[in-house]
Amino acid sequence: MADPLNILDITHVTKRFDFQDTKIVALSDASLEIRKGEFVCLIGPSGCGKSTLLRMIGGFETPSEGRLAMWDTPIGAPGPDRGMVFQDYGLFPWLTVSKNVGFGPAARGRPSAEVAETTKRFVDMVGLTRFADAYPHQLSGGMKQRVAIARVLANEAEIVLMDEPFGALDAMTRENLQQELLEIWKRTKLTVIFVTHAIEEAILLADRIVVMSPGPGRIVADERVELPRPRDPTDPDFNALRRHFSGMLGHH
């Protein structure tokens, strides 16, 4: 029986894709338990199955073998309880910031007053109050990613799935959004599963770091980050962890 504190249980999950006349194993025998409110980073080289695992949690792909469950209920399709934030933002270009953020509650038939209150709360939370009536093409990359995060939050997601969300941003914008995401996470008690190639980003953000290896993708380590928050990348303990995970990835 699943641990009642686990929001997510991934049990012996394998994913195969058809490619020409062969089966490609993207993910092999992955098992992972995640508790509510945890911030978990998945790291590993390209082709190790990080994004495939994230898409299966989101309900966009089904496992070839094994079981994925949220609150012990099998995941069979996308749902508002699991929100995805992509590197390319995925905003509706014809809608304003407010309309993008309020799209989910409105589509689910929430009363207009509730939609307006929810939209305002999350637009304010991500610091875009002055840009509520702007369109995506009028925003910087960092602003667009804030809108994408607010849209997921407004949809009452319990798990936020983030697939290298800051990978296309400049270093300063990325650093600012990392800190803002941590603030939002602390305030909302959300469960975050965050895919990144950057070891430093994972150490900065995560409660736990899950290391994956390629060919086929496997989970090879699951380690808790015990550094106190806020974390300083210049701290010797931080750098010792960076060397540890770099060595692990280099080994695999």
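Looking now at the packing of aromatic side chains. In total, this model carries 5 aromatic pairs according to the counting rule given. Seen in terms of ring centroids, Phe39 and Trp185 are 5.5 Å apart; in terms of plane orientation they differ by 85°. Their pairing is edge-to-face. Here the residue Phe39 occupies a position in strand β3 (residues 39-43), and Trp185 occupies one in helix α6 (residues 171-188), the gap between them amounting to 146 residues. Ring centres 4.7 Å apart and planes at 55° place the aromatic pair Phe92 and Phe103 in the tilted group. Of this pair, Phe92 sits in the loop between β6 (82-86) and α2 (97-101) while Phe103 is found in helix α3 (residues 103-107), placing the two residues 11 residues apart along the sequence. Relative accessible area serves as the criterion here: at 22%, Phe92 is assigned to the partly exposed category. With a relative accessible area of 40%, Phe103 lands in the partly exposed category. Three or more aromatic residues link up through ring pairs in this structure, and these residues are Phe39, Phe166, Trp185 and Phe194.

Here we come to helix α1 (residues 50-58). Within α1, 7 of the 9 residues are buried, which leaves it mostly tucked inside the rest of the structure. Taken residue by residue, α1 has Lys50, Thr52, Leu53, Leu54, Met56, Ile57 and Gly58 as its buried positions. Immediately downstream of α1, the backbone of Gly59 shows phi near 90°, a positive value.

Our focus in this paragraph is the pattern of salt bridges. By the definition in use, this model includes 19 salt bridges. The salt bridge partner of Arg242 is Glu200, with a shortest N-O separation of 2.2 Å. Separated by 42 residues along the polypeptide, Arg242 in helix α8 (residues 236-251) and Glu200 in helix α7 (residues 199-205) bring together distant segments of the chain. The partly exposed category is assigned to Arg242, whose relative accessible area is 22%. With a shortest N-O distance of 3.0 Å, Arg229 and Asp207 are connected by a salt bridge. With Arg229 in the loop between β10 (218-224) and α8 and Asp207 in the loop between α7 and β9 (208-213), this residue pair connects regions lying 22 residues apart in the sequence.

This part covers empty space enclosed by the protein. This structure, assessed with the given rule, holds 2 cavities of 30 Å³ or more. Put simply, the largest cavity is a space of about 50 Å³. Around the largest cavity, the lining residues are Val85, Ile149, Val152, Leu153, Val160, Met162, Leu181, Ile184, Leu190 and Val192. Every element with two or more residues in the lining of the largest cavity is listed here: α5 (141-154), β7 (159-163) and α6. When residues of the lining of the largest cavity are assigned to their parent elements, the largest contribution, 3 residues, is made by α5. Classifying every residue of the lining of the largest cavity gives 10 nonpolar, no polar and no charged. Of the pockets and cavities examined, the second largest cavity occupies roughly 40 Å³. Taken together, Val126, Arg146, Ile149, Leu177, Glu180, Leu181 and Ile184 make up the full set of residues lining the second largest cavity.

With that out of the way, let us pick up the side chain of Thr52. Locating Thr52 in the fold gives a position in helix α1. Not counting residues up to four positions away in its chain, the partners in contact with Thr52 are Lys15, Phe17 and Ala26.

Read across the sheet, 6 strands follow the order β6-β7-β8-β3-β9-β10 without closing on themselves; strand pairing throughout is mixed. Edge positions in the sheet fall to β6 and β10, since each of these pairs with one other strand and no more. On average, each strand axis in the sheet is inclined to that of its neighbour by 20°, with strand direction left out of account. Sheet analysis places β6 next to β7, joined by 5 bridges and oriented parallel. What sits directly across from Arg82, in β7, is Ile159. Across the face of the sheet, α1 comes into contact with β3, β6, β7, β8 (191-196) and β9 while running at roughly 150° to β7.

Calculation rules
Residues numbered from 1 in each chain as written. Predicted model: local features only at pLDDT ≥ 70, side-chain atom pairs only at ≥ 80, totals over all residues. Heavy atoms only, no water. Phe/Tyr/Trp six-rings, centres within 6.5 Å; stacked < 30°, edge-to-face > 60°. Helix = DSSP H or I, 4+ residues; strand = E, 2+ residues; numbered from the N terminus. Buried < 20%, exposed > 50% of the residue type's maximum accessible area, 1.4 Å probe, protein only. Salt bridge = Lys/Arg side-chain N within 4 Å of Asp/Glu carboxyl O. 1 Å grid on protein atoms, 1.4 Å probe; cavity = no way out; pocket = protein on both sides within 12 Å on 5 of 7 lines; lining within 4 Å. Points joined across faces, edges and corners; volume = space filled by probe spheres on them. Nonpolar A, V, L, I, M, F, W, Y, C, P; charged D, E, K, R; others polar. Contact = heavy atoms within 4.5 Å. Pairing = 2+ DSSP bridges. Axes fitted to C-alpha atoms, helices over the stretch in contact; angles between N-to-C directions.

Structural measurements only, silent on function.
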